[in-house]
Amino acid sequence: MPHPHRRLKRSGLTMPIVTDRFISNAWHRGCDFINMDLEDSVPPALKGYARSLVRRSIPVVNKGGADAVCRINHDLMEADLDAVIWPGMVHVNYPKAEYGHEIRRMDEIITRLERERGIRPGTIAIGANIETAVGVANAYEIASASPRVRDFGGASGYDMSRDLGVEMFVGFDQFVYGKGEVELAARALNLEPRAAPFTPNITGSVSDPDRAFAEADAARQCGFRIGGGLHPFVVEPQNRGFTPNDAEISDAHWVLDEYRKLAVSNETWVQIDTQSLTPGDGPGPLDSSDNPNLRHRVIDRYEAARAAELLEWARLCADRDREKDEAIARVRAAADADAT
Amino acid sequence: MPAANQIRRSWLLVPASAAPRIASAPASGADVIILDLAEFVAEPNKPDARDAVPAALDSVKAGGAEVFVRIDPQLMLADLNAAIRPGVAGVVVSRLESAAQIAEAAALIDRLESQRGLLPNSVEVVASLETAAGNHNGFEIATASPRVTALTLGRADLAMDLRPEPSGEIHLMQYLMQRLITLAAATGKLPLGAWWRAPDRGLLATPENTLAAAQRGRAIGFRGSMCVLDNQVAPLNDGFTPTAAEVAEADAIQSAYAAAVQSGAASVVHAGGRALTPNLVRQYAQVSALAAACAIREEFKSAALSGRPIPLP
Amino acid sequence: MLIRRSLLIIPASNADALATAWSHDADAVILDIQAGVPPSQLAAARASLPDSIAAAGQGGADVLVRVNAPYWHADSNAAVCPALTGIVLPGAESPQQVADADAHLGNLELQRGIPAGRLELALSLETAAGVWHIRELMAASSRIKQVAIDEAALAAALGIVQNPSLDPFVYARGRLCIEATAIGVQPVAVLDPTRLGGDELSYDDKLRLATDARNLGFKGLVCVHPHWISAVNAAFTPTESLVDYYVQVREVFAQALAAGTAAAPFAGRMIDVPVDERAKDVLALSAACAARDAAKQAALASAGRQTGP
């Protein structure tokens, strides 16, 4: 069920806020969000300087229509929040979340700062990132600690690997249990699961566009909606991979048409051999000629709900793409006007 | 050794509103037939479906199947009122979310058992943990009433919108299946399910894929599974029964172990290159016992279907 | 840092295995008086435990005794001596069982002049209830440094025959690694015994199986035969190339910090704080493994002088 504050997160770059050339140039990459990092990519000596940059960086990263997001430090939560909760910020990532009380404390501080700084209550979401074994063990408690937690995931990646003492990119899924615990908590609480199907990766490369598209495409087909990365090369492939294509949109309309017929007949499901259908002008099912898994289709209320969600998601993607295109065009027009 | 009445490999779901399905079900060979009042009965058909339960309870057991009724937890009073009658072995509560729902069902069943002359505490409850909340609360649900005898994920893949991954595995199901099996064993319940993979829609799979799903399911600890089509029953019965080759291997290993122990050899003996420990032998002993119990169950059903006298185990 | 990579388990009644247990370079030897000992030999095995413990520890290995769940009390009485590292308690399902064993070891420490709290209690879980309640079980005693799931016993408890191609314990193993790591206890692997015939497995097969276990978060592996030990020690010790890689990671990261950033590309990956932290961990682990190996070498040399020709 789409949340009233739902923001699209198909693509997003995480970058050190202290590296000006990254922050200044990120706006034209087409990201759904830009994650300004105060944490691991910022050296300890620069934490104070990093904080001083956040407020003025928000309009810079917003220029191309991207949402402003911040990653704060686990151990510097209060000071960091004071520096990042400003109008325009929509989401604060809290790394290595381990206990519900940490999230409740964040919620209190954000609630106060929203009031003091004229931000509509409840605007700012908390990204409670699970990156340790303790975090996995307390996943449900953490996810349920604040209504600001709207999507939820983790339990893999470098921090998790460090905590477990394992090497990554070993070719099999090392994190089945932890990812399962976290996703079950997310689903039990009706939060958007921040998850993806497992794809073996033995390179650990962060800049491979083909791989980024393949992963985003597989994640979308599996029902997931959230991406993000570290390198500009992966932004466009993620936007494309997480956006439904025309064939899927036609298929969703076809499913809903068939479901309406089913409902009239007082049946709960029907199985359709799509190769027995004669193609018409209207919407039709996905082509099963190169994917035999798609030949026999079941139509029922679950498939109908999935189709309706896909159409809603496609509409949100189209709206978001238009929003970003217009923002980037406005910046370029202004620059052209300045130049002449 | 499991008693014959605990052999419940195939659970055929039949909409209580579908007279032709009720008529064909006894010949399917199902260990259990579930008269469905929930998922497969369209809302306008529910009153007629409930009215059909008493007669169906009687007619579907002609093939020796035990009979359960699947109910909707939001319509519990009306559904249980239709279901709790002499001849019903239990109810399947679909789409469970909380232990409170089990407590509510148990209290209603207490009353209906007493009003309708059923033995107290005779009606079982199968908890269908289809939702994420139901799985999250699984331990509390399983232990909420001694009536709960079995746990299943039911159609969790649909209720939780879990889809196939590129590997063909249904996302999250490996975790959910093994979690459910662990939970069931920890609380002494029968774990029901099969290891379904794409492209089949789980309960609607072809006979071949149903057999494979049952075999994979048995390998990780499931003891039986629900299905929707009559032609899935035989594959489930087969898939949840040890094969002749498995029984032969199990018997051979037990004999070799017994001989080694008797001859006073060290307690770890080798046969076919394997280290035989008591725990390994314990695994194989259960294969033989399960196969024997399945044979008794088959004999019982075949006698019931043909009208022969029921053999005593 | 506790370095206990290879835990060789032998039946306490097996004189041949006992005679050479010290010489295989295992980090620990578990003397089993549970599954491995026929009932008729239990009394004799108990009586000889103190001598067996001393013998098994000559090569510098820690020595633990796996007791019988029903007679853990009497078995512990027979096992506890100053040379004993700890008790392996099988099949625990309730925190009370663990707390009782903990208290009993405390009494024995007091009676037998062993410093309070020194005896370890390792859990070997055998049932689904143990797996489900693992958090409460581990919290019931501060003596617990290691916990394992006996997968053959768990399979028997679930009524299944283990089939290596359809792994039934992804959940159980993952739960063990996460919950143990969360509470600061080391998860120890016990591999599927249908893969452990051993004769048909090459050194590389064993190295790969043990490395996969390490990459799930396990810190050691129970070896049912001495021919596993060298592969297991190698798998749980950072390799030279891994150490080299992390030495370079530390250099790259230090240079990045000096240049005012905490993220730097290296070999196609992004190096930042967690990678540098992992580098520190691996280098510390490597040093600790080297120290453990040196200590075992010294013990072996000394044992060789005492028992040599």
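These remarks concern the structure in this document.

### Some details on the overall build of chain C
The secondary structure content of chain C amounts to 13 helices and 10 strands. Against the compact-globule benchmark of 19 Å for 309 residues, chain C has a radius of gyration of 21 Å, which places it among compact chains. Seen through its C-alpha atoms, chain C measures out along the principal axes to roughly 70 × 50 × 45 Å. Counting over 309 residues, chain C shows a buried share of 57%. Considering only contacts within chain C whose residues lie at least 6 apart along the sequence, 67% involve residues at least 24 apart. Within the structure as shown, chain C displays about 11700 Å² of accessible surface, and the carbon and sulfur contribution to it stands at 57%. Taking the average place of the 23 positive charges on the side chains of chain C and the average place of its 32 negative ones, the gap between the two points comes to 4 Å.

### Details of the packing of aromatic side chains
Counted under the stated rule, the structure contains eight aromatic pairs over all chains. With a centroid separation of 5.1 Å and 70° between ring planes, the pair formed by Y245 of chain C and Y246 of chain C is classed as edge-to-face. Among the residues examined, Y246 of chain C registers a relative accessible area of 4% and is labelled buried. Each member of the aromatic cluster is reached from another via a ring pair, and the members are Y177 of chain A, Y175 of chain B together with Y171 of chain C. The lysine or arginine in question, R55 of chain A, covers the ring of W86 of chain A, its NZ or CZ lying 3.7 Å from the ring centre. One residue, R117 of chain A, lies across the ring of W86 of chain A, its end atom 3.8 Å from the ring centre.

### Considering the interface of chain B and chain A
Listed by partner, the interface residues are 31 residues for chain B and 28 residues for chain A. Contact between chain B and chain A buries roughly 2700 Å² in total, counting both sides, with carbon and sulfur atoms accounting for 59%. Ionic pairing is found between R301 of chain A and E39 of chain B, a salt bridge with its closest N-O pair at 2.9 Å. If you look at where chain B meets chain A, you find eight residue pairs in polar contact (both at pLDDT 80 or more). Mapped onto the side of chain B that touches chain A, the elements with two or more residues apiece are helix 5 (132-136), helix 7 (156-159) and helix 8 (173-187) of chain B. A per-class count over the side of chain B that touches chain A returns 19 nonpolar, five polar and seven charged.

Rules used throughout
- Residues numbered from 1 in each chain as written.
- Chains lettered and ligands numbered in written order.
- Predicted model: local features only at pLDDT ≥ 70, side-chain atom pairs only at ≥ 80, totals over all residues.
- Heavy atoms only, no water.
- Helix = DSSP H or I, 4+ residues; strand = E, 2+ residues; numbered from the N terminus.
- Rg over C-alpha atoms; globule rule 2.2 N^0.38 Å.
- Buried < 20%, exposed > 50% of the residue type's maximum accessible area, 1.4 Å probe, protein only.
- Contact = heavy atoms within 4.5 Å.
- Areas by Shrake-Rupley, 256 points an atom, 1.4 Å probe, with all protein chains shown as cover.
- Lys, Arg positive; Asp, Glu negative; His and termini not counted.
- Charge placed at Lys NZ, Arg CZ, Asp CG, Glu CD.
- Phe/Tyr/Trp six-rings, centres within 6.5 Å; stacked < 30°, edge-to-face > 60°.
- Lys NZ or Arg CZ within 6 Å of the ring centre and 35° of its normal.
- Buried area = accessible area lost by both parts, 1.4 Å probe.
- Salt bridge = Lys/Arg side-chain N within 4 Å of Asp/Glu carboxyl O.
- Polar contact = N/O pair within 3.5 Å; in protein donor to acceptor, adjacent residues only side chain to side chain.
- Nonpolar A, V, L, I, M, F, W, Y, C, P; charged D, E, K, R; others polar.

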